[in-house]
Amino acid sequence: MANTSTRTLRLLSLLQTHRYWPGGELADRLGVSVRTLRRDVDRLRELGYPVDAQRGVDGGYQLAAGAALPPLVIDDEEAVALAVGLQAAAQGAVEGIAESSVRALAKVVQVMPARLRRRVEALRAMTESAEWGGTGGAGEGVDPSVLTAVALACRDNEQLRFSYTAGGGGVTERQVEPYRLVRMGRRWYLVAYDLTRCDWRTFRADRMGPPTGGGVRFRPRDLPAEDAAAFVRGRLEDLPRPYRVEVEVGAPLARIRERVGRWAAVEEAGGEGCRVTMTADSLDWPVMVLSLVDAPLRVVGPPELRERLREVGHRFGHA
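Conventions used here
Residues numbered from 1 in each chain as written. Predicted model: local features only at pLDDT ≥ 70, side-chain atom pairs only at ≥ 80, totals over all residues. Heavy atoms only, no water. Pairing = 2+ DSSP bridges. Helix = DSSP H or I, 4+ residues; strand = E, 2+ residues; numbered from the N terminus. Axes fitted to C-alpha atoms, helices over the stretch in contact; angles between N-to-C directions. Contact = heavy atoms within 4.5 Å. Salt bridge = Lys/Arg side-chain N within 4 Å of Asp/Glu carboxyl O. Buried < 20%, exposed > 50% of the residue type's maximum accessible area, 1.4 Å probe, protein only. Core = buried A, V, L, I, M, F, W, Y, C linked by side-chain atoms within 4.5 Å. Polar contact = N/O pair within 3.5 Å; in protein donor to acceptor, adjacent residues only side chain to side chain. Parallel < 35°, antiparallel > 145°, perpendicular 65-115°, else oblique. Nonpolar A, V, L, I, M, F, W, Y, C, P; charged D, E, K, R; others polar. Expected span 1.5 Å × (residues − 1).

S.K.: Which residues make up the sheet that holds strand β12 (residues 297–301), and what are the values?
M.R.: Taken in spatial order, the four strands line up as β10-β11-β9-β12 in an open sheet, and their pairing is antiparallel. Two strands bound the open sheet, and with one partner strand each, they are β10 (265–268) and β12. The mean angle between the axes of side-by-side strands here comes to 25°, regardless of whether they run parallel or antiparallel. Sheet analysis places β10 next to strand β11 (residues 274–280), joined by four bridges and oriented antiparallel. Bridging from a neighbouring strand, glutamate 267 pairs with arginine 275 of β11. Its contacts with the sheet put helix α9 (residues 253–260) on β9 (243–249), β10 and β11, and the angle it makes with β10 is roughly 180°. Set on the sheet, helix α11 (residues 303–317) makes contact with β9 and β12; between it and β12 the angle comes to about 140°.

S.K.: Outline the pattern of salt bridges, supporting the account with residue identities and numerical values.
M.R.: Close approach of charged atoms allows side chains of opposite charge to pair. Following the criterion strictly, the structure yields 15 salt bridges and no others. Here arginine 155 ties to aspartate 156 by a salt bridge, and the two come within 3.1 Å at their closest N and O atoms. Arginine 155 gets classed as partly exposed once you look at its relative accessible area, which sits at 33%. Residue classification places aspartate 156 among the buried positions, given a relative accessible area of 18%. As a salt-bridge pair, aspartate 194 and arginine 197 come within 3.6 Å of each other at their nearest N and O atoms. One continuous salt-bridge network, built from bridges that share partners, spans Arg7, Asp40 and Arg43.

S.K.: Could you give an account of the nonpolar core, naming the residues involved and the relevant values?
M.R.: The tendency in soluble globular proteins is for nonpolar side chains to be buried as a group. Formed by 29 residues in total, the largest nonpolar core has its most connected members in Val150, Phe162, Leu190 and Phe203. Elements that contribute at least two residues to this core include exactly α4 (76–91), α6 (114–125), α7 (144–156), β5 (160–165), β6 (171–184) and β7 (187–194). With 22 residues, the next largest nonpolar core counts Val266, Val276, Val287 and Ala295 among its residues.

S.K.: Could you give an account of the side chain of arginine 7, with specific residues and numbers?
M.R.: By the element assignment, arginine 7 lies in helix α1 (residues 2–15). A polar contact is formed between the side chain of arginine 7 and the side chain of aspartate 40, at a distance of 2.6 Å. Among all residues touching arginine 7, those that are not within four sequence positions of it are Leu30, Val32, Thr36 and Asp40.

S.K.: Now, about the packing of α6 against α7: what can you tell me, with residues and values included?
M.R.: Viewed as axis vectors pointing N to C, α6 and α7 meet at an angle of 75°, and their least axial separation amounts to 8 Å. By the angle between their directions, the pair α6 and α7 is classed as roughly perpendicular. Contacts from Arg118, Arg119, Ala122 and Leu123 in α6 reach Ser145, Leu147, Thr148, Ala151, Leu152, Arg155 and Asp156 in α7. Tallied by class, residues from the contact of α6 with α7 come to five nonpolar, two polar and four charged.

S.K.: Which residues make up α7, and what values go with them?
M.R.: Between the first and last C-alpha of α7 there are 18 Å, a value that for 13 residues agrees with the 18 Å anticipated at 1.5 Å per step. Among the 13 residues that make up α7, ten are buried, leaving the element largely enclosed by the rest of the structure. Residues of α7 that are buried: Pro144, Val146, Leu147, Thr148, Val150, Ala151, Leu152, Ala153, Cys154 and Asp156. Immediately downstream of α7, the backbone of asparagine 157 shows phi near 55°, a positive value.

In structure tokens:
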């Protein structure tokens, strides 16, 4: 019976890839006969999974969209990734989904095995969120396993080693005492005391290699800031930003602040218009932010932004 249950879960996992499986190939993957496969498919249907079958020599199976959402089969890393995504949505500013994300996150964590719940709970406890209105950038992909490993080390006061790729491409090996994770926009940062440089540092999680522990515990140091989020903001403000963007917008201040106030400063400019200002290390981010402004624009500076907007407009015009 245990073997049958395991095989049924394996069958469901394969069908949930949303691809069409020829019957013979699917039976071979499961190591059963075609007849046994048909019985396993019937068992899934009894459990509420709508499985479409195509008869004949070239027949096969595919999981169809159902009227209800049956239980899903996901592996450990997928479960942690799901919890990380729900946590980000619950703390984000996307209107209408925060409350439902909190409910979904609670349900996911409740049914997780203890080994996974420990990782997710550590991530929730060791993460701080921060708004950022001065500048921005597109976030890179972060491996959820990196986040959970770092969160556990923060919670347990355990030293970490990892390789780190700097903005210029150079790779160094770091040994740190991790303090907190900070989620800022689409990026994640680790605040830690760097044992090699004997100072506090921030590390972008998407630039970190797989972290390893070693069981070396430490006594937490006093962070030279109000909290980890404030520390990250201060470090980002100290970075050189070659572009200072200033744009006049022909729309009411309240409307534009609602659209882009998270990423740029929006101030009154006389009449019914307003002024949008921000600093950035590249022009790609300002172009993305300004694309959200559904109103007439006039670029005050820099001149390079006018040219970049002209290029983007030409490319979209031919799309």
